[in-house]
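Observations on the three-dimensional arrangement
Below are the chains, spelled out letter by letter.
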Amino acid sequence: LRWLRASGLAVAIVAAARRGALVIGICGGFQMLGERLIDATGVAGDAGDERGLGLLPVTTQFEEKKTLRQVTAECAGRRWTAYEIHMGRTVGTSPADALQIVWDTDGTSRPEGVRRGNIWGTYLHGWFEAPELRAHVAAAGRLTAYRPHRVPWSEQRRAIYTEMAAHVVAHVNLEPVCRHLEL
C-alpha cells in the first residue's frame, strides 16, 4: 500500500475507479481497496493503522491466525473451486453487496467479497480460472470484443504440465534424481 502511494499507482487506481473503470482487488488488493488496514501487533509487517484507498466500505484487522481454506464459490451463475489464504479479518463499515456466495467444506454458505458498483474485492484465489467468470469480468469492464477460451485455465495448465513432464522423462536421465530422493 505504501509502495502504491509512493509510485503514484494509488492515485491512478482511484482516478480510474472514479472514471468508472472496473477495479478488482484480490486478497491483499481487496484489503487495500478498503478504508483502513489495522495491524496492532505487526503480524503482517509494521505495526500500526494505515489508511486504505477508500474505494470499498471495509476495514481489515490483521490477526495472528492465518485463514487457509478451500471453498466452492458461485458468482454470475458459475460455480468453481477456489481458496482463501490471508491474515486478517475484513468487515463492512456500511452496507454493500456481496461479490459471491461460498460454501465451506462443512456445506454452510456465506456471502464473500464486496461489490460496490465498479469496485470488487474478494479473498478468493482462483477467481479467473473459469471462462464464464472471465467473460463476466470482461462484460462488467465493457470489453465487448473479449472471447474467453472455452477450456478452464486449470485444465490448460494441467495439459502444459503433462507435456512438460513427458518432455523431461524423454530427455533427462531421472535415475540419479530418483536415487537421491529415495524413490
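It is worth spelling out the pattern of salt bridges at this point. Any two side chains of opposite charge can pair, given that their charged atoms come close. For the structure shown, the criterion picks out 10 salt bridges. Across the pair Arg2 and Glu50 runs a salt bridge, and its minimum N-O distance is 3.2 Å. Of this pair, Arg2 sits in helix α1 (residues 2-7) while Glu50 sits in strand β3 (residues 48-51), and the two are 48 residues apart along the sequence. Taking the shortest distance from any N to any O, the salt bridge between Arg36 and Asp49 comes out at 2.7 Å. You can see Arg36 sitting in strand β2 (residues 36-39) and its partner Asp49 sitting in strand β3, a full 13 residues away along the chain. Classification of Arg36 as partly exposed rests on a relative accessible area of 32%. Residue Asp49 is classed as partly exposed on the basis of its relative accessible area of 43%.

What follows deals with the packing of aromatic side chains. Using the criterion set out here, one finds 4 aromatic pairs in the structure. Arranged with centres 6.1 Å apart and planes meeting at 90°, the rings of Trp80 and Trp127 form a pair that is edge-to-face. Of the two residues, Trp80 is situated in strand β5 (residues 78-92) and Trp127 in the loop between β10 (124-125) and α4 (131-140); the sequence distance between them amounts to 47 residues. Assessed through its relative accessible area of 1%, Trp127 is described here as buried. Pairwise contacts between aromatic rings join Trp80, Trp120, Trp127 and Phe128 into one cluster.

Now for the sheet that holds strand β1 (residues 23-26). As summarised here, the arrangement of the 3 strands in space is β1-β9-β8, forming an open sheet in which the pairing is mixed. In this open sheet, the two strands that pair with only one neighbour each are β1 and β8 (114-116). With strand direction ignored, the average angle separating the axes of adjacent strands in the sheet is 5°. Direction of pairing for β1 relative to strand β9 (residues 119-122): parallel, over a ladder of 4 bridges. In the strand pairing of β9, Ile26 is matched with Thr122.

For the rest of this paragraph, the subject is the pairing of β5. Pairing between strand β4 (residues 58-75) and β5: 14 bridges, direction antiparallel. In the strand pairing of β5, Cys75 is matched with Arg78. The hairpin formed by β4 and β5 contains 2 residues between the paired strands, and Ala76 there has a positive phi angle of roughly 55°. Pairing between β5 and β10: 2 bridges, direction antiparallel. Of the residues in β10, the one forming a bridge with Tyr83 is His125.

With 100% of its residues at a pLDDT of 70 or more, the protein chain shows a mean pLDDT of 91. Within the protein chain, the lowest mean pLDDT, 82, falls on α4, and the highest, 97, falls on helix α2 (residues 9-18).

All right, on to α2 then. Quick reminder: α-helices carry 3.6 residues per turn. Residues three or four places apart thus point the same way. Here α2 has its buried residues at Ala10, Val14, Ala16 and Ala17. The arc that holds every buried residue of α2, seen down its axis, measures 160°, which confines them to one face. The secondary structure elements touched by the buried residues of α2 are α1, β1 and β9. The first or second residue beyond α2 is Gly20, which carries a positive phi of 105°.

Rules behind the numbers
- Residues numbered from 1 in each chain as written.
- Predicted model: local features only at pLDDT ≥ 70, side-chain atom pairs only at ≥ 80, totals over all residues.
- Heavy atoms only, no water.
- Salt bridge = Lys/Arg side-chain N within 4 Å of Asp/Glu carboxyl O.
- Helix = DSSP H or I, 4+ residues; strand = E, 2+ residues; numbered from the N terminus.
- Buried < 20%, exposed > 50% of the residue type's maximum accessible area, 1.4 Å probe, protein only.
- Phe/Tyr/Trp six-rings, centres within 6.5 Å; stacked < 30°, edge-to-face > 60°.
- Pairing = 2+ DSSP bridges.
- Axes fitted to C-alpha atoms, helices over the stretch in contact; angles between N-to-C directions.
- pLDDT = per-residue confidence, 0-100.
- Arc of directions from axis to C-beta.
- Contact = heavy atoms within 4.5 Å.

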